[in-house]
Amino acid sequence: MVLLKLLEILTLIIGVIGTIYQGACIVASLFIKQVTFPAAPMDKRYAVLISARNEENVISNLIHDIQNQTYPYDLVDIWLVADNCTDNTAQVVKELGVHVVERFNKELIGKGYALSYLLDYMNTHGYDKTYDAYFVFDADNRLDKNYFAEMNKGFHNGYKILTSYRNSVNTSDNWVSSGSALWFIRESRFLNNSRMFFGSSCHVGGTGFMFSRDIMERNNGWKFHLLTEDLEFTMDSILHGDRVGYCGAAILYDEQPVTFKQSWRQRIRWSKGFLQVFRYYGPALMQRAVRERDFSALDFTLLLFPFAFVGLIRIILGFIFALCGFVSWSSQINFIVGGLYGIVLTLLGMMFLAALTVLVERKNIGASNKELVAYVLSFPIYMISYIPISFQAIFAKSDWKPIEHKGK
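Right, let's walk through the structure included here. (Residues numbered from 1 in each chain as written. Predicted model: local features only at pLDDT ≥ 70, side-chain atom pairs only at ≥ 80, totals over all residues. Heavy atoms only, no water.)

For the rest of this paragraph, the subject is the overall build of the protein. In terms of helices and strands, the protein carries 14 helices and eight strands. Against the compact-globule benchmark of 22 Å for 408 residues, the protein has a radius of gyration of 22 Å, which places it among compact chains. Counting only C-alpha atoms, the protein reaches 70 × 45 × 45 Å along its principal axes. In the protein, which comprises 408 residues, the share counted as buried stands at 53%. Taking the average place of the 39 positive charges on the side chains of the protein and the average place of its 37 negative ones, the gap between the two points comes to 6 Å. (Helix = DSSP H or I, 4+ residues; strand = E, 2+ residues; numbered from the N terminus. Rg over C-alpha atoms; globule rule 2.2 N^0.38 Å. Buried < 20%, exposed > 50% of the residue type's maximum accessible area, 1.4 Å probe, protein only. Lys, Arg positive; Asp, Glu negative; His and termini not counted. Charge placed at Lys NZ, Arg CZ, Asp CG, Glu CD.)

In this fold, C25 is placed in helix 1 (residues 2–31). In this structure, C25 is in contact with F190, L191, S194 and F198, ignoring residues within four places of it in sequence. (Contact = heavy atoms within 4.5 Å.)

Glancing now at the pattern of salt bridges. Inspection of every chain in the model, using the stated rule, returns 15 salt bridges. Here R142 makes a salt bridge to D65, at a shortest N to O gap of 2.6 Å. Of this pair, R142 sits in strand 5 (residues 142–143) while D65 sits in helix 2 (residues 59–67), and the two are 77 residues apart along the sequence. According to the relative accessible area criterion, D65 is buried, its value standing at 13%. Here the salt bridges do not stand alone but share partners, grouping K129, R213 and E217 into one network. (Salt bridge = Lys/Arg side-chain N within 4 Å of Asp/Glu carboxyl O.)

Now for a nonpolar patch on the surface. Among the surface-exposed residues, F319, L323, W329, I333, I336, V337, L340 and Y341 lie close enough to one another that they form a single nonpolar patch of about 780 Å² accessible area. Of all the secondary structure elements, the ones that give two or more residues to the nonpolar patch are helix 11 (307–323) and helix 12 (329–360). Its relative accessible area of 48% is what places L340 among the partly exposed residues. (Patch = residues over 30% accessible without salt bridge, like charges linked within 9 Å, V, L, I, M, F, W, Y side chains within 5 Å. Areas by Shrake-Rupley, 256 points an atom, 1.4 Å probe, with all protein chains shown as cover.)

Okay, the pairing of strand 3 (residues 99–103) next. Relative to strand 3, strand 2 (residues 76–83) runs parallel, the two sharing five bridges. Pairing of W79 across the sheet is with H99, part of strand 3. Read from strand 2 through helix 3 (residues 89–94) to strand 3, the crossover connection turns out right-handed. (Pairing = 2+ DSSP bridges. Right-handed = clockwise from strand over helix to strand, strands pointing away.)

Our focus in this paragraph is the packing of aromatic side chains. Taken as a whole and judged by the stated rule, the model has 32 aromatic pairs. For the ring pair Y46 and F135, a centre distance of 5.1 Å and an interplane angle of 75° mean the geometry is edge-to-face. Of this pair, Y46 sits in strand 1 (residues 46–52) while F135 sits in strand 4 (residues 133–138), and the two are 89 residues apart along the sequence. Taking relative accessible area as the criterion, F135 reaches 0% and is therefore assigned buried. (Phe/Tyr/Trp six-rings, centres within 6.5 Å; stacked < 30°, edge-to-face > 60°.)

The next point concerns the environment of I185. Along the polypeptide, I185 turns up in helix 6 (residues 175–198). Along the primary structure I185 and R166 are separated by 19 residues, whereas in three dimensions their C-alpha atoms are 6.1 Å apart. Not counting chain neighbours up to four residues away, the residues in contact with I185 comprise Y165, R166, N167, T357, E361 and I365.

Most of strand 1 sits inside the fold, with seven of its seven residues counted as buried. Here strand 1 shows two buried faces, one formed by Y46, V48, I50 and A52 and the other by A47, L49 and S51. Pairing of strand 1 with strand 2 involves seven bridges; the strand directions are parallel. Bridge pairing in strand 2 places L49 opposite W79. Between the parallel elements strand 1 and strand 2, the chain passes through helix 2 in a crossover that is right-handed. The pairing of strand 1 with strand 4 spans six bridges and is parallel. Counted as the bridge partner of I50 is F137 from strand 4.

Right under this line is the structure:
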């Protein structure tokens, strides 16, 4: 009985704190202005790191966007690792004047390993002192023409790690792509913008981020190989006392999965990655939150907390105790019913959040009003699918698999 109550209280406390904090971020974002950085000289030299696997259909779009920035292109070098490619990705980018490193490794698979290989190659050949900072993009990304100029301002302002506004090129394709797109826009507007206001660290979101040469040298290249290497990088940086900044004026466009199967597979990997990161970094984050009174560590402890795993343990223990006669069956059924009510309320809250995101970010969302109404109504369906995904992630062996991109 005591153990069951402890699990319930722990989950309730963390859930309430997380909900209050998220609510505070949302309210704050409605009244505060987006953090902007003052003008800065365009004098820093940057390397762009791209990991690509069979991306010949889309990679040239990103290369052209980088080459046509308002930031001087003679201060930017593009490095691409063609990771286990079986198409013409390497040849396509070579013809565009990009540095290409080919990698063939069927055992160590994933973006983290590819970035490690690329940076190791660059450092071995003496390029480690050439650049002031490094950008990381995915092959399907598109960039606003002022992207580098805006991120350069944040770098000059003292941020060693910066993330950017993540939009989508295919929000209006269907309810699957819109669900993912609205989720990332929500994070940019309501979380990262408010974290900057509160003085907390932001979250590097997979693509569209920058880190300084100091960070690269401290990590001896790229050392993050879990399924969510971006989240791992963020947690490691927070534990080192770094503050990840957010540059909302730097806009990146990402291509979202359009089939439910692709989306499910991608989110299984993310959910499994969250569990991995909590396993390796959760205890250290909690210790830092208490010992150093580090709000960023508390913030990301709440983000990483495995509610699905703890909930599953609570249900299993409840049924075991009921079988043994320690607790009544009715109490366990009531617990599950209460949980279902909580899920329904959460989904209604998600629909409200999607609607609010559409209202405040309407000018940045590429879809008609009619489509957006449909996508707000379908957003809870997208989110409820996270419930079986979260439970499957506990048991599944999720490998890194590429998402096929069409290009926009």
